Amino acid sequence: MRPLTCMIVDDEPLAVRLLVSYVEKTPDLQLLASFTDSIRAINAVKEQKPDLLFLDIQMPNIDGMELAHSLPEQTRVVFTTAFKEYAFESYEVNALDFLLKPVRYNKFLGSIEKARKQFDIQQTAAQPKQQPNTVFIRVDGEWRNIPVDQITYVNGMKDYVMFFLDNEPKPLVTHLTMKAVEDMLPKDKFLRIHRSYIIAVDKIRKVDRNDCVYIGKDIIHVPDGYQQAFRNFLETRSFSK
């Protein structure tokens, strides 16, 4: 995991030096720059886009609140100030934390921990979820491990569904709802075309002019309520004129 990058902006040199010392003794935290001039800081923050910005509120020229409104989207702010009355206002600009001066190291570490948790969540959310290659369904009291790429289509009947597979002469019947099956199967490989049918899109042989889908040995008609979504899908898989 890469270290968190940070910058410090405070018009008091002593406050800057204190925070710099905290950064230097904190593992996995990298200081990109520090400033006592908020105007000089703005361009550097926009250019380098640090993960964290330790930002004083009361400063000449441009105060911390003004500067916070012009930050890159990914930069989170930890406000540092001697005036606790700014606390509520700081959260209106989505500040990560609010530290009262003189900042103590344990409070500083608390802010870093908040930042790490938030960036970990964002990184995890950004990673593509790996789709399963198989699914388990319960058939006649046993769990069958079914390769996803062998499923041709699924037919629902009240609280039961039938899985039609390439290599099985008869469908596998299990106690499930169609909604549960729809949530379980990969969205890029399966499409619901009917209240009672979910099909493997790569197993479609043809679609006729009456909106009937030929799949496996069967023909499934796409009803009105599902036709628009199905036609949208066909357009994504067909050559344009």
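What comes next is a walk through the structure. (Residues numbered from 1 in each chain as written. Predicted model: local features only at pLDDT ≥ 70, side-chain atom pairs only at ≥ 80, totals over all residues. Heavy atoms only, no water.)

**Observations concerning unusual backbone geometry**
Here the bond from Lys-101 into Pro-102 is cis, since omega is -5°, no more than 30 degrees from zero. Secondary-structure assignment places Pro-102 in the loop between strand 5 (97-100) and helix 5 (105-126). Backbone geometry places Asp-28, a non-glycine residue, at a positive phi of 60°. Among the secondary structure elements, Asp-28 is positioned in the loop between helix 1 (13-24) and strand 2 (29-35). The backbone of Asp-211 shows a phi angle near 60°, a positive value even though the residue is not glycine. Within the secondary structure layout, Asp-211 lies in the loop between strand 13 (204-207) and strand 14 (212-215). On the accessibility criterion, Asp-211 (14% relative accessible area) is buried. (Helix = DSSP H or I, 4+ residues; strand = E, 2+ residues; numbered from the N terminus. Buried < 20%, exposed > 50% of the residue type's maximum accessible area, 1.4 Å probe, protein only.)

**Observations concerning the sheet that holds strand 14**
Taking strand neighbours across the sheet as the criterion, the three strands line up as 13-14-15 in an open arrangement whose pairing is antiparallel. Each edge of the sheet is formed by a strand with only one pairing partner; in this case those strands are strand 13 and strand 15 (218-221). Recorded for the sheet is a direction-independent mean angle of 25° between the axes of neighbouring strands. Running at roughly 110° to strand 13, helix 7 (residues 224-236) makes contact with strand 13, strand 14 and strand 15 of the sheet. (Pairing = 2+ DSSP bridges. Axes fitted to C-alpha atoms, helices over the stretch in contact; angles between N-to-C directions. Contact = heavy atoms within 4.5 Å.)

**A closer look at the packing of aromatic side chains**
Under the counting rule described, the total for this entry stands at seven aromatic pairs. Ring centres 6.0 Å apart and planes at 50° place the aromatic pair Tyr-153 and Tyr-197 in the tilted group. Of this pair, Tyr-153 sits in strand 8 (residues 151-157) while Tyr-197 is found in strand 12 (residues 197-200), placing the two residues 44 residues apart along the sequence. With relative accessibility at 21%, the residue Tyr-197 sits in the partly exposed group. (Phe/Tyr/Trp six-rings, centres within 6.5 Å; stacked < 30°, edge-to-face > 60°.)

**What to know about the nonpolar core**
Counting residues in each nonpolar core, the largest one holds 20 residues, and the members touching the most others are Met-7, Val-9, Phe-35, Leu-53, Leu-55 and Phe-79. Of all the secondary-structure elements, those providing two or more residues to this core are strand 1 (4-9), strand 2, helix 2 (38-48), strand 3 (52-56), helix 3 (64-68) and strand 4 (76-81). Core analysis: the second largest hydrophobic core is formed by 19 residues, Cys-6, Tyr-22, Leu-99 and Phe-108 among them. (Core = buried A, V, L, I, M, F, W, Y, C linked by side-chain atoms within 4.5 Å.)

**Section: helix 1**
At 3.6 residues per turn, the α-helix brings residues three or four places apart onto the same side. Given a rise of 1.5 Å per residue, 12 residues ought to cover 16 Å, and the 16 Å separating the end C-alpha atoms of helix 1 matches this to within 8%. Where helix 1 is concerned, the buried positions are Ala-15, Val-16, Leu-19, Val-20, Tyr-22 and Val-23. All buried residues of helix 1 lie within an arc of 160° about the axis, which places them on one face of the element. Turned more than 90 degrees off the buried face of helix 1, the exposed positions are Leu-14, Arg-17 and Glu-24. (Expected span 1.5 Å × (residues − 1). Arc of directions from axis to C-beta.)

**As for the pattern of salt bridges**
A complete count under the given rule lists 11 salt bridges for this structure. Close ionic contact of Arg-2 with Asp-51 constitutes a salt bridge, the shortest N to O distance being 2.7 Å. A residue pair is termed long-range when its members are at least 10 positions apart, and Arg-2 in the segment before strand 1 and Asp-51 in the loop between helix 2 and strand 3 qualify at 49 residues. Accessibility expressed as a relative area gives 53% for Arg-2, which makes it exposed. Here Asp-51 falls in the buried class, since its relative accessible area comes to 4%. Residue Lys-114 pairs with Asp-97 through a salt bridge whose shortest N-O separation is 3.3 Å. Of this pair, Lys-114 sits in helix 5 while Asp-97 sits in strand 5; the two residues are 17 residues apart in sequence, bridging distant segments of the chain. In the salt-bridge network here, residues are joined through shared partners; they are Asp-10, Glu-12, Asp-56 and Lys-101. (Salt bridge = Lys/Arg side-chain N within 4 Å of Asp/Glu carboxyl O.)

**Quick notes on the pairing of strand 14**
Look at any regular strand and the pattern is simple: side chains alternate between the two faces of the sheet. Here strand 14 shows no split at all, with Cys-212 and Tyr-214 on one side and Val-213 and Ile-215 on the other all buried. Where strand 13 and strand 14 come together, three bridges link them in antiparallel fashion. Residue Val-207 lies in a different strand from strand 14, and its bridge partner there is Val-213. Turn length for the strand 13-strand 14 hairpin, with the two strands adjacent in sequence and antiparallel, is four residues, and the turn residue Asp-211 shows positive phi of about 60°. The sheet contact formed by strand 14 and strand 15 spans four bridges and is antiparallel. Among the inter-strand pairings, Tyr-214 is bridged to a residue of strand 15, identified as Ile-219.

Any functional reading would require information that these geometric values do not contain.
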